[in-house]
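Chain and residue survey
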Amino acid sequence: MNNLNRRKFIAQSALLAGGVSLGLYACKNYNSDLLKGVQDFIHRVANEDGSFRPGIDPDYKGTSDTGLSGIAAPAYATIISSTFGWSLPYPDETREFFFSCQKPDGAFYPPTGSMDQNAPLAKLYNTLQGIISLRLMGAKPRHDPMSVIDYFFNNDEFKGLPLYSTSFFPLFFTALEQKMPDHINSRMREYLINGQAEDGYIGDHVASTFHAAHYFRLIGEPTPKADVMIDRVIKDQKEDGSWHLWEPELDVHASFDALFILRQLGDPKEPRIKQAYKKATNWILKCHKPDGGFTHFPDETISDVDSLYFHVGGLVESGFLQIPKNLTNEEILGWGHAMDPGKNYSCIS
């Protein structure tokens, strides 16, 4: 790994894992080395045709998003590179890769992945990632992708989607620089508000609750029941700093989701939130590996572009990693890790 000595990495990781009192947020050299390692990892998983592998081993098939879709790894590599102002290893080829994934029906179809790429959810996810990535590279899709959205609102088909997909819709329109139609927003808002429990959660899970908060941030409206939502997020944090309360496949992105809610809806000066940030940062850093990447959980060994995106994003949300002050298009950088909590984002006005 370029610019990151293994012995130094292990020593600093041990220091950080030892406790917040040792100056977690003062390790600027560690932050620099971490980002250099992340950039190096992205280069090591890049293919000359512009696509990206989920991990360094060519035989590794990926976990979570990268296992489901061959668009996920190049999209997340593009998003992280855009976050920190890095050039992609093969920018022209990656742009062409995304163009090649779109068909005349407007949807994007990845060449690999375990998900049924003709399923409505797959089309929604892959098309969303495709238009985001092209936008970040200064390009537009060659075919109008709106048929992917129209399908879900002809007969309320959106209600059959998983609850973790609700914010896909405003993000879709934001990436296209278009206003989200009122008939879509009104139905989605009603669906989300009616689905909220008294503690602000939706579906009794942090992932679906995160996407609700993400939805309201993207339309520029206050998130309903934000205060009690924050209370539950803080209550649910485990002593080790994570939010993994269910089986791994359900909670693989839980820490990112929880940190988004705290960062976007909470008061950063509140002691409970500051403590939650520190505990979460310690836990995420235990997932950082000597190859520069991240695993989803500390005891795993294979770094993945999926876990790299969500953990680097989580470190931005917790304040451990700083992003450039002149960053643009922050509202379409993945799932909102770079959104400014004090800025109004609206795709409905």
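Structure: see above.
Residues numbered from 1 in each chain as written. Predicted model: local features only at pLDDT ≥ 70, side-chain atom pairs only at ≥ 80, totals over all residues. Heavy atoms only, no water.

A closer look at the environment of Glu157
- As for its position among the elements, Glu157 is in the loop between helix 7 (146-154) and helix 8 (168-175).
- Those residues in contact with Glu157 that sit more than four places away from it in its chain are Tyr151 and Phe152. (Helix = DSSP H or I, 4+ residues; strand = E, 2+ residues; numbered from the N terminus. Contact = heavy atoms within 4.5 Å.)

Digging into the packing of helix 5 (residues 91-101) against helix 6 (residues 120-136)
- It is the contact of helix 5 with helix 6, at a shortest axis distance of 10 Å, that shows an interaxial angle of 150°. Crossing of helix 5 against helix 6: the hand is left-handed. Each of Arg95, Phe98 and Phe99 in helix 5 lies in contact with helix 6, whose residues at this interface are Gln129, Gly130, Ser133 and Leu134.
- Per-class residue counts for the contact of helix 5 with helix 6 are three nonpolar, three polar and one charged. (Axes fitted to C-alpha atoms, helices over the stretch in contact; angles between N-to-C directions. Left-handed = near helix turned anticlockwise from the far one by under 90°. Nonpolar A, V, L, I, M, F, W, Y, C, P; charged D, E, K, R; others polar.)

Looking at helix 6
- In this model, helix 6 (17 residues) spans 24 Å end to end at C-alpha, consistent with the 24 Å of a helix rising 1.5 Å per residue.
- With respect to burial, helix 6 is a largely interior element, 14 of its 17 residues being buried. (Expected span 1.5 Å × (residues − 1). Buried < 20%, exposed > 50% of the residue type's maximum accessible area, 1.4 Å probe, protein only.)

Side note on the nonpolar core
- Counting residues in hydrophobic clusters, the biggest one holds 106 residues, and the most contacted among them are Phe169 and Trp335.
- Not counting the four nearest positions on each side in its chain, Phe169 is found in contact with Leu124, Ile149, Phe152, Phe153, Phe158, Leu161, Met180 and Met188. (Core = buried A, V, L, I, M, F, W, Y, C linked by side-chain atoms within 4.5 Å.)

Quick notes on the layout of surface pockets
- Approximately 470 Å³ is the volume found for the largest pocket.
- Surrounding the largest pocket, 22 residues form its lining, Ser64, Asp65, Tyr164, Val252 and His253 being those nearest its centre.
- The set of elements that each furnish at least two residues to the lining of the largest pocket consists of helix 3 (65-68), helix 6, helix 10 (206-219), helix 12 (248-251) and helix 13 (254-265).
- Class assignment of the residues belonging to the lining of the largest pocket gives a composition of 14 nonpolar, four polar and four charged. (1 Å grid on protein atoms, 1.4 Å probe; cavity = no way out; pocket = protein on both sides within 12 Å on 5 of 7 lines; lining within 4 Å. Points joined across faces, edges and corners; volume = space filled by probe spheres on them.)

Side note on the packing of aromatic side chains
- As enumerated under the stated definition, the model contains 19 aromatic pairs in all.
- Judged by centre distance (4.9 Å) and plane angle (20°), the ring pair of Phe153 and Phe158 falls under stacked.
- For Phe153, a relative accessible area of 7% translates into the label buried.
- Note on Phe158: relative accessible area 2%, which makes it buried.
- When the centroid spacing of 6.5 Å and the interplanar angle of 75° are considered together, the rings of Trp283 and Phe297 count as edge-to-face. In this pair, Trp283 sits in helix 14 (residues 271-285) while Phe297 sits in the loop between helix 14 and helix 15 (305-317), placing the two residues 14 residues apart along the sequence. Just as Trp283 is buried, Phe297 falls in that class too.
- Aromatic rings pair up to connect Tyr76, Phe210, Phe256, Phe260, Tyr309 and Phe310 into one cluster. (Phe/Tyr/Trp six-rings, centres within 6.5 Å; stacked < 30°, edge-to-face > 60°.)

A look at the side chain of Glu331
- Along the chain, the position of Glu331 falls in the segment after helix 15.
- No salt bridge is formed by the buried Glu331; the nearest opposite charge belongs to Arg135, separated by 5.1 Å.
- With residues near it in sequence (within four places) discarded, Glu331 still touches Leu171, Thr174, Leu218, Met339 and Tyr345. (Lys, Arg positive; Asp, Glu negative; His and termini not counted. Salt bridge = Lys/Arg side-chain N within 4 Å of Asp/Glu carboxyl O.)

Examining the pattern of salt bridges
- Evaluated as defined, the whole model comprises 13 salt bridges.
- With its nearest N and O atoms 3.8 Å apart, the salt bridge here joins Asp156 to Lys159.
- Take Asp156: its relative accessible area is 30%, and that puts it in the partly exposed class.
- Look at Lys159 and you get partly exposed, because its relative accessible area is 46%.
- Here the salt bridges do not stand alone but share partners, grouping Asp199, Asp204, Arg232 and Asp236 into one network.

Don't take any of this as a statement about function, it's just geometry.
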